[in-house]
Amino acid sequence: MTIIILYGFCCSCSECVDMSISINKIFNMIPKMSVGDANPQTLNSIADWVSRPAPNRLIMGATALVTQPYIDSHNPRVSEKTREISKDRTTAKVIVGTLAGIAVRQPSYDLVTAMTRPEEKGKYSQFLIPRAKLKGLKEGSLFLKNYRTTLSTLLALSVMCITNFAVDAPLTAILTNRFIARTKAKNAKKEAINDAKV
Amino acid sequence: MMQKFDRYLENIWNNYTKDPAKMLVHTGTIGWALSSAAQIIAVLLNDKISAKEKTFLIPQEAFDACVNIGSFYLITTGIKNFSKKLVTTGKILPKSIKNFMENSPFKNSYGKSGFNMEKDLNSLQSFEPHKKNYSAFKNIFTTGATIGASVVSCNIVTPILRNVLASSSQKSIIKCANEKRNPVLSKNDIENDNSKALQLNRKPLLYNRLNGGMKV
């Protein structure tokens, strides 16, 4: 049922068709809604900006920094010490992953954009556009936008095959150890204050 | 060489430009798997983390990749498709377009599951001035919903699930290690060992171990 609601397909057997009909009935029961009008150009540029690999990674990283350490530090199934180490490691991983992700994705996107300009006549302006698709292709077309995102993501992924092991993992380990030391010092201070009170 | 490269680019174009979500799933799967592998190696090599914590952190990292891929496909792609359906059927629209629809011949059919704003209004000339507004709204609404869904799936659902799975995995690893170190012996094990000892004319091994402090 969930699959039909979310993905809109079924196997066409009678049961699925019946279920699909009832799901459509439920869908039709949702009231029609409206939102205020806004300038289409502004909406398109916001959507375009947040879909770019680097800002997208920034949004994901910033929200991860808020939620993930909190979830790790409130995991009731592990010991207090494991919880603290897990929180410290997650925080370090998110920070390093976000910074490295942005550092790799933004230049990849800029490079791909510079090499996929159908209306420019520079030496490498059309280097990454397939010859068969060049005719009639215009700047601003949805296909070109998706192609740029795809190509830059693929390029970033190939770079990250190296940076994941050479940069992310060692930096995460260093930062994790710093956070662990800081947490230990904090806990020792707390204990000393408690002992003094007793 | 250049021809091969061009064919490769054309393949990417044909496979992913119509459906970028497919690309996100494919690259995401490889990316998460690679990142997890690197992080697992980093945890394994980190001597500041004790063996007990490693029994949690390593499964946590491994489950992070698996759950991320699954939840991205189920939650993010699902919500993206649902939000797209809300706009293409006309269930949610900007005020000006809603007013237009209320005064159009499609007044009673729009907002229903079988209706498609793009196909059904294609021939309607009076909708032409609203087309730009509609596609901008669809773009921002689906993009916003996709990002929101990604945040929920990757930053809320995944950490909760991976922690549950990693905790139970840690428990079974610790239990298994304890059993190896201190095997729990049944009376049957001891009796079998005694009879073997009699046959082979040797001392009963398990009895000695039992006296040495083994759990029965």
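Residues numbered from 1 in each chain as written. Chains lettered and ligands numbered in written order. Predicted model: local features only at pLDDT ≥ 70, side-chain atom pairs only at ≥ 80, totals over all residues. Heavy atoms only, no water.

### Some points on the overall build of chain A
A tally of regular secondary structure across chain A gives 7 helices and 1 strand. Seen in sequence order, chain A has helices and strands lined up from the N terminus as α-α-β-α-α-α-α-α. Computed over C-alpha atoms, the radius of gyration of chain A comes to 25 Å, more than 25% over the 16 Å expected from 2.2 N^0.38 for 198 residues, which places it beyond the range of a compact globule. A sequence separation of at least 24 residues applies to 54% of the contacts in chain A between residues at least 6 apart. Carbon together with sulfur atoms contributes 64% to the accessible area of chain A, which is approximately 11500 Å² in total. The centroid of the 27 positive side-chain charges in chain A is displaced by 4 Å from the centroid of its 15 negative side-chain charges. (Helix = DSSP H or I, 4+ residues; strand = E, 2+ residues; numbered from the N terminus. Rg over C-alpha atoms; globule rule 2.2 N^0.38 Å. Contact = heavy atoms within 4.5 Å. Areas by Shrake-Rupley, 256 points an atom, 1.4 Å probe, with all protein chains shown as cover. Lys, Arg positive; Asp, Glu negative; His and termini not counted. Charge placed at Lys NZ, Arg CZ, Asp CG, Glu CD.)

### A look at the overall build of chain B
Broken down by element type, chain B carries 8 helices and 1 strand. Counting helices and strands in the order they occur from the N terminus, chain B gives α-α-α-β-α-α-α-α-α. Over its C-alpha trace chain B gives a radius of gyration of 31 Å, far above what one expects of a compact globule, namely 17 Å for 216 residues. Split into buried and exposed, the 216 residues of chain B put 43% on the buried side. (Buried < 20%, exposed > 50% of the residue type's maximum accessible area, 1.4 Å probe, protein only.)

### As for the packing of helix H7 (residues 142-197) of chain A against helix H1 (residues 2-16) of chain B
Close contact between H7(A) and H1(B) brings their axes to 10 Å; oriented N to C, the two are set at 115°. Here the hand of the crossing between H7(A) and H1(B) comes out right-handed. In contact with A:Phe143, A:Leu144, A:Tyr147, A:Thr150, A:Leu151 and A:Leu154 of H7(A), H1(B) contributes B:Leu9, B:Ile12, B:Trp13 and B:Tyr16. Residues of the contact of H7(A) with H1(B), tallied by class, amount to 9 nonpolar, 1 polar and no charged. (Axes fitted to C-alpha atoms, helices over the stretch in contact; angles between N-to-C directions. Left-handed = near helix turned anticlockwise from the far one by under 90°. Nonpolar A, V, L, I, M, F, W, Y, C, P; charged D, E, K, R; others polar.)

### Points about the interface of chain B and chain A
Many authors give the size of an interface as the accessible area that is lost as the parts come together. Each partner contributes to the interface: chain B provides 77 residues, whereas chain A provides 69 residues. Around 6600 Å² of area is buried between chain B and chain A when both sides are counted, 65% of it from carbon and sulfur atoms. Summed over the three residues of chain B that lose the most area to chain A, namely B:Trp13, B:Lys91 and B:Asn155, the buried surface amounts to 12% of that side. Along the contact surface separating chain B from chain A lie 5 salt bridges. The partner of A:Lys93 in a salt bridge is B:Asp64, and the shortest N-O contact between them spans 3.2 Å. For the pair chain B and chain A, the number of links is 32 residue pairs in polar contact (both at pLDDT 80 or more). When residues of the side of chain B that touches chain A are traced back to their parent elements, those giving at least two are H1, helix H2 (20-45), helix H3 (51-88), strand E1 (92-94), helix H4 (95-102) and helix H6 (131-181) of chain B. Per-element tally for the side of chain B that touches chain A: the top contributor is H6(B), with 21 residues. For the side of chain B that touches chain A, the residue count by class is 36 nonpolar, 24 polar and 17 charged. The pairing of strand E1 (residues 33-35) of chain A with E1(B) spans 3 bridges and is classified as parallel. (Buried area = accessible area lost by both parts, 1.4 Å probe. Salt bridge = Lys/Arg side-chain N within 4 Å of Asp/Glu carboxyl O. Polar contact = N/O pair within 3.5 Å; in protein donor to acceptor, adjacent residues only side chain to side chain. Pairing = 2+ DSSP bridges.)

### Brief notes about the confidence of the model for chain B
Residues and elements named next belong to chain B. When the pLDDT values of chain B are averaged, the result is 86; 93% of them are 70 or greater. Mean pLDDT values over the elements of chain B span from 56, in helix H8 (residues 205-211), up to 94, in E1. Throughout residues 211-216 the model reports pLDDT below 50, and contacts reaching past four residues in sequence, or to other chains, amount to 11 contacts. This complex was scored by the predictor with a pTM of 0.80 and an ipTM of 0.82. (pLDDT = per-residue confidence, 0-100.)

### Quick word on the packing of helix H5 (residues 80-114) of chain A against H7(A)
All names here are of chain A. For the pair H5 and H7, the least separation of the axes is 6 Å and the interaxial angle reads 155°. Put simply, H5 runs roughly antiparallel to H7. Crossing of H5 against H7: the hand is right-handed. Looking at side-chain class alone, the contact of H5 with H7 contains 18 nonpolar, 10 polar and 7 charged residues. (Parallel < 35°, antiparallel > 145°, perpendicular 65-115°, else oblique.)

### Here's the deal with the side chain of B:Ser150
Residue position: B:Ser150 is located in helix H6. Every residue in contact with B:Ser150, bar those within four places of it in the chain, is listed here: A:Met60, B:Phe72, B:Thr76 and B:Asn155.

### Let's talk about the nonpolar core
Judged by nonpolar contacts, the single largest core of 16 residues is most densely connected at B:Leu93, B:Ile97, B:Met101, B:Met117, B:Leu121, B:Phe127 and B:Tyr134. Put simply, the parts of the chain that give this core at least two residues each are H3, E1, H4 and H6 of chain B. Considering each element in turn, this core owes the most residues, 3 residues, to H4(B). In this structure B:Met101 touches B:Leu93, B:Phe106, B:Lys107, B:Tyr110, B:Phe115, B:Met117 and B:Leu121, once residues within four positions along its chain are discounted. Grouped together as the second largest cluster of nonpolar side chains are 14 residues, A:Met115, A:Leu151, B:Ile12 and B:Tyr16 included. (Core = buried A, V, L, I, M, F, W, Y, C linked by side-chain atoms within 4.5 Å.)

### Remarks on H3(B)
Residue and element names in this part refer to chain B. Between its first and last C-alpha, H3 extends 54 Å over 38 residues, near the 56 Å set by a 1.5 Å rise per residue. The principal kink in H3, of about 35°, is found at Phe-72. Positive phi appears at Gly-90, one or two residues downstream of H3, with a value of about 90°. (Expected span 1.5 Å × (residues − 1). Bend = angle between axes of the 7 residues up to and from the residue.)

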